[in-house]
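Chain by chain, the residues:
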Amino acid sequence: MIDSFRRSLSFDLDPFQSSACEALDQGRSVLVAAPTGAGKTVVAEFAVHLAMASRATKVFYTAPMKALSNQKYQEFVATYGAENVGLLTGDTNINSRARIVVMTTEVLRNMLYADSDLLPGLGFVIMDEVHYLADRFRGAVWEEVIIHLPREVKLVSLSATVSNAEEFGDWLQTVRGDTSVIVSEERPVPLEQHILMRAKLLDLFDSSGTSGAHKVNPELVQMARYGGRTLGAHQMKDVGRRHSRGGRPQELRIDRAAIIRILHDHTLLPAIFFIFSRVGCDSAVGQVLRAGIRLTTLAEQDEIRRFVENACRTLPDGDLGVLGYWEWLGGLERGVAAHHAGMLPAFKEVVEELFRRKLVKVVFATETLALGINMPARTVVLEKLEKFNGEARVPITPGEYTQLTGRAGRRGIDVEGHSVIQWHDGLDPQAVASLASRRTYPLNSSFSPSYNMAVNLIAQFGRQRTREILESSFAQFQADRGVLDLARKVRGQEESLAGYDKAMTCHLGNFREYSGIRRELSDLERKGAGRANTASRSERDNRQRRLTELRASMRRHPCHGCSDREAHARWAERWWVLHRQLEDLRRQISSRTGAIARVFDRVTDVLIERGYLEVAEGSELAVAEPGRTLRRIYGERDLLVAECIRNGAWDDLNAPGLASMAAALVYEPRRDDGELSDRNLPRGGFRRALDLTTTLWSELDDLEREHRLPSSEPVSAGISLAMSRWAEGASLDRVLSDADLAAGDFVRVTKQTIDLLDQISVVANARLGGTARSALDTIRRGIVAYSSLD
């Protein structure tokens, strides 16, 4: 099988690819951890090759993003034909009974819980970008799938290079059986790393051959220190005198158009500029176009125009101006584009395809481009090494740096890839070198039981078996390994404590008891001094009384008269410090042991109180009637949606009103969203429904806090008026203005709204279900309905 697969390729397999394919051919699951662009997907393609060589074996390919799912679908269709390939992404259902089905990970999780009739015959599941299980919002889904897949299904896990791949592989071995872990740290195309200082590209690392690996280029260090110039000894003395008089070094940054010209002159295009802001990406495109940048020939411009017009032919003509189509097309024709989540998905797909065809030469992108999409460049440019994380500007991590620069170097095209970091004041070459040479990118679980997960697992396995299943999660596996490390520390500290205890032994009495009195006395004196002006008369009297008692006890204690008292006291102080650290370690062990099962117990307690679970014989739990509804509701607000359906909070809403309510449940408010007045809300029954929904949310929030569970954010109706108007047929221009959102954001929120309405249409009563279907149809129009796959 490997030989026949190898013959179908236009290149030979790398050693790590061969090892992974051999493991699959021998019937084992595999975890492949390798850098971006190394060719991990070849292993996935071999799994598909194995499945298709049999008579009826199915293979599911899961991806974290719809864009990546769409891309893989098109690739498999080109290889195996449309009749053999399906696509399931929540809002798209194409040929679901095909032998090769591409889907988002959430779709597969839902299929497993529903015991879907598409599962029989499944032989392989490919989990692309499996390191997504560290994502704090969606990561749990990956673990759910890995745990609940039938044991006979072989798992192909593809991950970026992570520093604890072996630990993750050990867990996969535990829950999936025989699993080979294949790790490759070799980039298929070597990476040359540079600092751009004014118009000069300087190597980050010393390439003289006389120094060890990862030593910073000394010329770079000198130029950074002396204003961008390499100096002789007498010049360095002169610069030192001018610096001491307050002279400033010259500005070493240049504008983006100049950078593009430098890259062009050094044949370093195509390039991706990573800018950690959507507005920054759009501004950069405008800036370089105004500067006269043109990177395409007349023939390339004609090809770009034909491709774009064909790809966007189904977009409503009236929406093109609102979407900035003509300005976008103008940039594409000159070989320049932006790429970020605020863009219409169709526009992003066009940019990706034109970049792959080498027609677009420069893309200004946010870091989302570094995740999964097949869009390699010759050069990656980083303007800054920090980004805004929602609260503050923070440095990018070594893992993020590796992910971003992983886009540099096109296999089979480039001899080497290039990363270029633009100089700015305060940039420390040594810190950049450390960032570039470290491979610290640990994979940490974000798994936590949800309400939907709890009712589904209890329905299938019962309470005790569910607790055992949750104990098998990667989160608990990591916690347990952490406990082993903590336990080793505890044993070491217990030995040290015994030594200190022996050193402070006093022949006159119990010195530990005596030192305890001394510590309490000194603590009380210190606290009293700190609160002298704020303590009440009663507090001061009580403190003075206790101080008198302690001083008397200390003087009466036999050890007080020991001639070696102070020497014993020094050992006793060490004993108490270590004892406190030891108690802290023991608390950590206690909190980690069975941590996931404890959270599960709190979740079930909430569900019992709200009537979704019932206590059956003994301590067993059974799913009550409302729980059967909850089993089919997926999302962060699963319990709130179930409560609203159950209590009839939305029964009187019309289709636009229900669309607005569903949008409020999926919408994540921005930091600058203010309070909404009544005139910013849809008319009719929406306000009453929103009040009922908010009341139910408040009740659940109180209950979650009572049971020490993380609480959810309040429902935000910031997008509801815009969604209501969209459902009523308003123009895109009006709706985007009302929502104050970019087109891509509006499409994403609307598709999430459609997904929730689809769930409501299935689980609600006939009346509400009918309204949900009508609401879904009213908002699935225009740019929301448009897809490049249609």
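The structure this text deals with has already been given above.
In this text the structure is predicted, and so the values were computed from the model without any measurement. (Residues numbered from 1 in each chain as written. Predicted model: local features only at pLDDT ≥ 70, side-chain atom pairs only at ≥ 80, totals over all residues. Heavy atoms only, no water.)

### Observations concerning the sheet that holds strand 4 (residues 93-94)
The strands making up a sheet associate through hydrogen bonds between their backbones, and the pairing can be parallel or antiparallel.
Then comes step 1: Spatially, 4-3-5-2-6-7-1-8 is the arrangement adopted by the eight strands of the open sheet, whose pairing is mixed. With one partner strand each, in any of the chains shown, strand 4 and strand 8 (179-183) form the two edges of the open sheet.
Then comes step 2: As paired elements, strand 2 (residues 58-63) and strand 6 (residues 122-127) share five bridges and run parallel to each other. Following the sheet pairing, Thr 62 is matched in strand 6 by Met 127.
Then comes step 3: Strands in contact with helix 4 (residues 66-80) are strand 2, strand 3 (85-88), strand 4 and strand 5 (100-104); relative to strand 5, the strand with the most contacts, it is inclined by about 170°. (Pairing = 2+ DSSP bridges. Helix = DSSP H or I, 4+ residues; strand = E, 2+ residues; numbered from the N terminus. Contact = heavy atoms within 4.5 Å. Axes fitted to C-alpha atoms, helices over the stretch in contact; angles between N-to-C directions.)

### Considering the pairing of strand 13 (residues 362-365)
Note on strand geometry: in a regular strand, side chains alternate between the two faces of the sheet.
Then comes step 1: Side chains Val 362 and Phe 364 of strand 13 all project onto a buried face; the interleaved residues Val 363 and Ala 365 project onto the opposite face, where all are buried too.
Then comes step 2: Taken together, the four bridges between strand 12 (residues 336-339) and strand 13 define a ladder with parallel strand orientation. By the bridge assignment, His 339 is partnered in strand 13 with Ala 365.
Then comes step 3: Handedness of the β-α-β unit built from strand 12, helix 15 (residues 345-356) and strand 13 comes out right-handed. (Buried < 20%, exposed > 50% of the residue type's maximum accessible area, 1.4 Å probe, protein only. Right-handed = clockwise from strand over helix to strand, strands pointing away.)

### Focus on helix 10 (residues 256-265)
Then comes step 1: Taken as a whole, helix 10 has its buried residues at Arg 256, Ala 257, Ile 259, Ile 260, Ile 262 and Leu 263.
Then comes step 2: A side-chain oxygen of the first residue of helix 10 lies 3.3 Å from the backbone nitrogen of Ala 257; this N-cap is Asp 255.
Then comes step 3: Remark: Thr 267 follows helix 10 within two positions and exhibits a positive phi of approximately 50°. (Polar contact = N/O pair within 3.5 Å; in protein donor to acceptor, adjacent residues only side chain to side chain.)

### Things to note about the packing of helix 6 (residues 139-148) against helix 7 (residues 165-176)
Then comes step 1: Running from N to C, helix 6 and helix 7 point in directions that differ by 40°, and their axes come no closer than 9 Å. Taken as axis vectors, helix 6 and helix 7 run oblique relative to one another. Between helix 6 and helix 7, the contacting residues are Glu 143, Ile 146 and Ile 147 on the first element and Phe 168, Trp 171, Leu 172, Val 175 and Arg 176 on the second.
Then comes step 2: Of the residues that constitute the contact of helix 6 with helix 7, the class distribution is six nonpolar, no polar and two charged. (Parallel < 35°, antiparallel > 145°, perpendicular 65-115°, else oblique. Nonpolar A, V, L, I, M, F, W, Y, C, P; charged D, E, K, R; others polar.)

### So, the environment of Ser 184
Then comes step 1: Along the polypeptide, Ser 184 turns up in the loop between strand 8 and strand 9 (191-197).
Then comes step 2: Taking relative accessible area as the criterion, Ser 184 reaches 10% and is therefore assigned buried.
Then comes step 3: Not counting residues within four places of it along the chain, the set of residues in contact with Ser 184 comprises Phe 16, Ala 33, Ala 34, Pro 35 and Thr 161.
Then comes step 4: Engagement of the side chain of Ser 184 in a polar contact is seen with the backbone nitrogen of Glu 186, the distance being 3.4 Å.

### Considerations on the packing of aromatic side chains
Then comes step 1: Under the criterion given, the structure shown has 16 aromatic pairs.
Then comes step 2: Sitting over the ring of Tyr 612, Arg 646 keeps its end group 4.9 Å from the ring centre. (Phe/Tyr/Trp six-rings, centres within 6.5 Å; stacked < 30°, edge-to-face > 60°. Lys NZ or Arg CZ within 6 Å of the ring centre and 35° of its normal.)

### Some remarks on the side chain of Gln 17
Then comes step 1: For Gln 17, the location among the structural elements is in helix 2 (residues 15-25).
Then comes step 2: If we ignore the near neighbours within four places in the chain, the residues touching Gln 17 are Asp 12, Ala 38, Gly 39, Val 42, Val 43 and Arg 411.

### A word on helix 31 (residues 766-779)
Since one α-helical turn is 3.6 residues long, residues separated by three or four positions face the same way.
Then comes step 1: Taking 1.5 Å per residue as the helical rise, helix 31 with its 14 residues ought to reach 20 Å, and the 20 Å between its terminal C-alpha atoms agrees with that figure.
Then comes step 2: For helix 31, the secondary structure elements touched by its buried residues are helix 25 (638-646), helix 26 (655-666), helix 28 (720-727), helix 30 (743-763) and helix 32 (782-785).
Then comes step 3: With a side-chain oxygen positioned 3.1 Å from the backbone nitrogen of Arg 767, the residue opening helix 31 is Asn 765. (Expected span 1.5 Å × (residues − 1).)

### Some thoughts on the pairing of strand 5
Then comes step 1: Of all the five residues making up strand 5, five are buried; the element is thus mostly covered by neighbouring parts of the structure.
Then comes step 2: The alternating pattern of strand 5 places Ile 100, Val 102 and Thr 104 and Val 101 and Met 103 on opposite faces, both of which are buried.
Then comes step 3: Two strands pair when backbone bridges link them, and strand 2 and strand 5 are joined in this way by five bridges, in the parallel orientation. If you follow Val 59 over to strand 5, its bridge partner there is Ile 100.
Then comes step 4: As defined by bridge partners, strand 3 adjoins strand 5 across four bridges and the pair is classed as parallel. Each residue of the ladder has a partner; that of Gly 86, found in strand 5, is Val 101.

All quantities given are derived from atomic positions and should not be read as evidence of function.
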